[in-house]
Amino acid sequence: MLAMDECFEDLITSYLAQKVGISNNFITQELAANLADNLLQLNANQLLLSAGIGNALKYHHNDLIRNDRIYWLDKSHNDPYENEFFVQIEAFIAYLNRSCFTGINSYEFHYSLYEIGAFYGKHLDQFQNKSCRQFSLISYLNPHWTPADGGELLIHQEPHNQIIAPTHGKTVFFKSNEIPHEVLLTNTRRMSITGWLKRE
């Protein structure tokens, strides 16, 4: 339990210091590899869908803004690796609520796959007509990533922007309605689990 609390503190402490939390140990390398295998199998079975922007009646597709593909995680899938990820998320929410009084009471996550040439333009992770998303959390599933692969997360904030490499097992955490960000052009396949901690 101590090790788990330490990786949670990595995210929270770095978030408080620079508005973007980063941990290389939030999920294990083994779990990241198993989740990556899941994503690749879903892709091979053509189960991923083109991602859109907006919600409800404003939901639409725009390849000039975003052209990744996604697959929503759900406990009903009863996948052991997704369930392991959910256990970690729920433990983190409990820790976050206990230590920071955030009032998070739900979450949602999806796999995200960027093929060569894909990107996601500058945006916030908050809908204009709904404010339940409180924090964004991204776990990267990219073994052997190199700088030439591209696909970095570009955080827009003053006084200096921050570029975060999507290396295998790294998790990033930030406030959904405060941090404009984008995914830079990818030169190789880029994989992640992306989601939101919510207060309904």
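Here's a quick rundown of the structure. Because the structure is a prediction, the values reported are computed rather than measured. (Residues numbered from 1 in each chain as written. Predicted model: local features only at pLDDT ≥ 70, side-chain atom pairs only at ≥ 80, totals over all residues. Heavy atoms only, no water.)

1. Some details on the pattern of salt bridges
Considering all chains together, one arrives at 6 salt bridges under this definition. The closest approach of N and O atoms between Glu 90 and Lys 75, which form a salt bridge, is 2.6 Å. In this pair, Glu 90 sits in helix H3 (residues 80-100) while Lys 75 sits in the loop between strand S3 (69-72) and H3, placing the two residues 15 residues apart along the sequence. Residue classification places Glu 90 among the partly exposed residues on the basis of a relative accessible area of 33%. Where Glu 200 meets Lys 198, a salt bridge forms, and the shortest distance between an N and an O atom there is 3.2 Å. According to the relative accessible area criterion, Glu 200 is exposed, its value standing at 56%. (Salt bridge = Lys/Arg side-chain N within 4 Å of Asp/Glu carboxyl O. Helix = DSSP H or I, 4+ residues; strand = E, 2+ residues; numbered from the N terminus. Buried < 20%, exposed > 50% of the residue type's maximum accessible area, 1.4 Å probe, protein only.)

2. Re the state of the cysteines
Counted by the stated rule, this structure contains 0 disulfides. Free cysteine Cys 7: the closest other cysteine sulfur is in Cys 100, separated by 14 Å. Judged by its relative accessible area of 4%, Cys 7 is buried. (Disulfide = S-S within 2.5 Å.)

3. A look at the nonpolar core
With 33 residues, the main nonpolar core has Phe 26, Phe 85, Phe 92, Leu 141, Phe 173 and Leu 197 as its most contacted residues. The element contributing the most residues to this core is H3, with 7 residues. Those residues in contact with Phe 26, other than ones at most four positions away along the chain, are Cys 7, Phe 8, Leu 11, Gln 88, Ile 89, Phe 92, Leu 137, Ser 139 and Thr 171. (Core = buried A, V, L, I, M, F, W, Y, C linked by side-chain atoms within 4.5 Å. Contact = heavy atoms within 4.5 Å.)

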